[in-house]
Amino acid sequence: MDFNMKKLASDAGIFFTRAVQFTEEKFGQAEKTELDAHFENLLARADSTKNWTERILRQTEVLLQPNPSARVEEFLYEKLDRKVPSRVTNGELLAQYMAEAASELGPTTPYGKTLIKVSEAEKRLGAAERDFIHTASLSFLTPLRNFLEGDWKTISKERRLLQNRRLDLDACKARLKKAKAAEAKATCEGDTVPDFQETRPRNYILSASASALWNDEVDKAEQELRVAQTEFDRQAEVTRLLLEGISSTHVNHLRCLHEFVKSQTTYYAQCYRHMLDLQKQLGSSQGAIFPGTFVGTSEPASPPLSSTSPTTTAATMSVAPTVPGLAPPGEAALCLEEVPPPASGTRKARVLYDYEAADSSELALLADELITVYSLPGMDPDWLIGERGNKKGKVPVTYLELLS
């Protein structure tokens, strides 16, 4: 191997000089060139930008992937320049379990049918989450990483170089100061008129020679100081331009933040629509059980969302024959009018969606209107008796939000 010993010795000498200067500054034994206030503000803003970018990046990664093991695995794949394998989201995994449960427990049972409906909704939620993670990673996380791994590394490199140039400059200042002090001392000794009667006049000659040597040392130190000052000023200007570029970084991060908010808004809007569709199928999540009045489960099966024919409606409800004192379906309206409401157990309910009565036994509903509802012993838990003024009829629970 070809070693340049002269360059190696020179680099070692420069490193030693910087180390001495840095140590003396820490102990207050050497002067330090201070940067101007504007430059210090730029440095502080750059450091703050870097620190907060790292925190926001880490927390966003936690938001998108809460599993720390999965985050470590993705990090390793990225460092190895390998494609990150596709990962099933929690919603998609839940949908898979629900579908398998419905298949084993019976897909034709009310519970099995509900499991299938919920599994389909969870699958759509998982797909929406996958799209959100992908979009947020590209539009938000990637620019933040690019800043930390690109621009910030360049800024850090130039700042370290500026620090070295500053140490070199201060070392040259200290060397020039010492040379001038030694030159002044040698000059004072040389100004003394020698006594040539002495047996040793060579002391005067040595003193004059030393003064000349220190003059050369001062000239050399001044030349080195001019070179060091030029290099320091040039490096300070380069670093200043990079630090002022932090403003452009803020603008870029602001644009990326808007993209992140947009993708998050889209994701939650999709989730809301999926859950609203599911709610229309399954009914209000609050349930429809009055204490001591209703009989059955608090998870009623919902009627179809599409327009319901009289035949389908008659097939999905079993109300009239099970209520004491009610006639067959043809005479249901008359019997309902004759049945008085219970002394206790009535509640107010807000209508969630418009509902068109399938026959005369049902009460047509308009969205957002308030009605009085109650149940009768033996009724199908999917239906209630609704009253609006002097009108009375059966109403589906899935179209109501029960109020206190």
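Criteria and cut-off values
Residues numbered from 1 in each chain as written. Predicted model: local features only at pLDDT ≥ 70, side-chain atom pairs only at ≥ 80, totals over all residues. Heavy atoms only, no water. Helix = DSSP H or I, 4+ residues; strand = E, 2+ residues; numbered from the N terminus. Buried < 20%, exposed > 50% of the residue type's maximum accessible area, 1.4 Å probe, protein only. Contact = heavy atoms within 4.5 Å. Patch = residues over 30% accessible without salt bridge, like charges linked within 9 Å, V, L, I, M, F, W, Y side chains within 5 Å. Areas by Shrake-Rupley, 256 points an atom, 1.4 Å probe, with all protein chains shown as cover. Salt bridge = Lys/Arg side-chain N within 4 Å of Asp/Glu carboxyl O. Pairing = 2+ DSSP bridges. Axes fitted to C-alpha atoms, helices over the stretch in contact; angles between N-to-C directions. Expected span 1.5 Å × (residues − 1). Arc of directions from axis to C-beta. Core = buried A, V, L, I, M, F, W, Y, C linked by side-chain atoms within 4.5 Å.

Draft legend 1. Structural detail: the overall build of the chain. When its secondary structure is counted, the chain shows nine helices and five strands. In the chain, the succession of helices and strands from N to C terminus is α-α-α-α-α-α-α-α-α-β-β-β-β-β. In the chain, which comprises 404 residues, the proportion classed as buried is 34%. Across the chain, the fraction of contacts at a sequence separation of at least 24, relative to all contacts at a separation of at least 6, is 71%.

Draft legend 2. Layout of a nonpolar patch on the surface. Among the surface-exposed residues, V72, F75 and L76 lie close enough to one another that they form a single nonpolar patch of about 290 Å² accessible area. Its location among the elements puts V72 in helix 3 (residues 68-79). Given a relative accessible area of 48%, V72 falls into the partly exposed group.

Draft legend 3. Fine view of the side chain of Q235. Looking at where Q235 falls in the secondary structure, it is placed in helix 6 (residues 202-244). Aside from chain neighbours lying at most four places away, what touches Q235 is E158, L161, L162 and R165.

Draft legend 4. Geometry of the sheet that holds strand 4 (residues 391-396). Across the sheet, which stays open at both edges, the five strands sit in the order 4-3-2-1-5 with antiparallel pairing between neighbours. Strands at the two margins of the open sheet, each flanked by one partner only, are strand 4 and strand 5 (400-402). Geometrically, the sheet is characterised by an average inter-axis angle of 40° between neighbouring strands, direction not taken into account. Pairing between strand 1 (residues 347-351) and strand 2 (residues 370-374): four bridges, direction antiparallel.

Draft legend 5. Expanded view of helix 7 (residues 246-282). End to end, helix 7 covers 53 Å across 37 residues, agreeing with the expected 54 Å (1.5 Å per residue, within 8%). Within the span of helix 7, buried status applies to I246, T249, H253, C256, F260, S263, Q264, Y267, C271, H274, L278 and L282.

Draft legend 6. Representation of the environment of L282 in the model. If you trace the backbone, L282 turns up in helix 7. When the C-alpha positions of L282 and V397 are compared, they lie 9.7 Å apart, and in sequence the two are 115 residues distant.

Draft legend 7. Representation of helix 4 (residues 90-105) in the model. Across its 16 residues, helix 4 extends 22 Å between first and last C-alpha, which sits within 8% of the 22 Å expected from 1.5 Å per residue. Buried residues of helix 4: G91, E92, A95, M98 and A102, and no others. Down the axis of helix 4, the buried set is contained in an arc of 120°. They therefore lie on one face. Seen from the open side of helix 4, the exposed residues pointing more than 90 degrees away from its buried face are N90 and E104. Positive backbone phi, approximately 120°, marks G106, located one or two places after helix 4.

Draft legend 8. Quick look at unusual backbone geometry. At D368, a residue that is not glycine, the phi angle is positive and equals roughly 75°. Within the secondary structure layout, D368 lies in the loop between strand 1 and strand 2. With a relative accessible area of 55%, D368 lands in the exposed category.

Draft legend 9. Geometry of the nonpolar core. Membership of the largest hydrophobic core comes to 34 residues, with the highest contact counts inside it found for F132, F140 and L243. Among the elements that line this core, the one with the most residues is helix 5 (residues 110-190), at 16 residues. Each residue touching F140, except ones within four places of it in the same chain, is listed here: I56, T60, C256, L257 and F260. V351, L365, V373 and V397 belong to the second largest nonpolar core, which has 20 residues in total.

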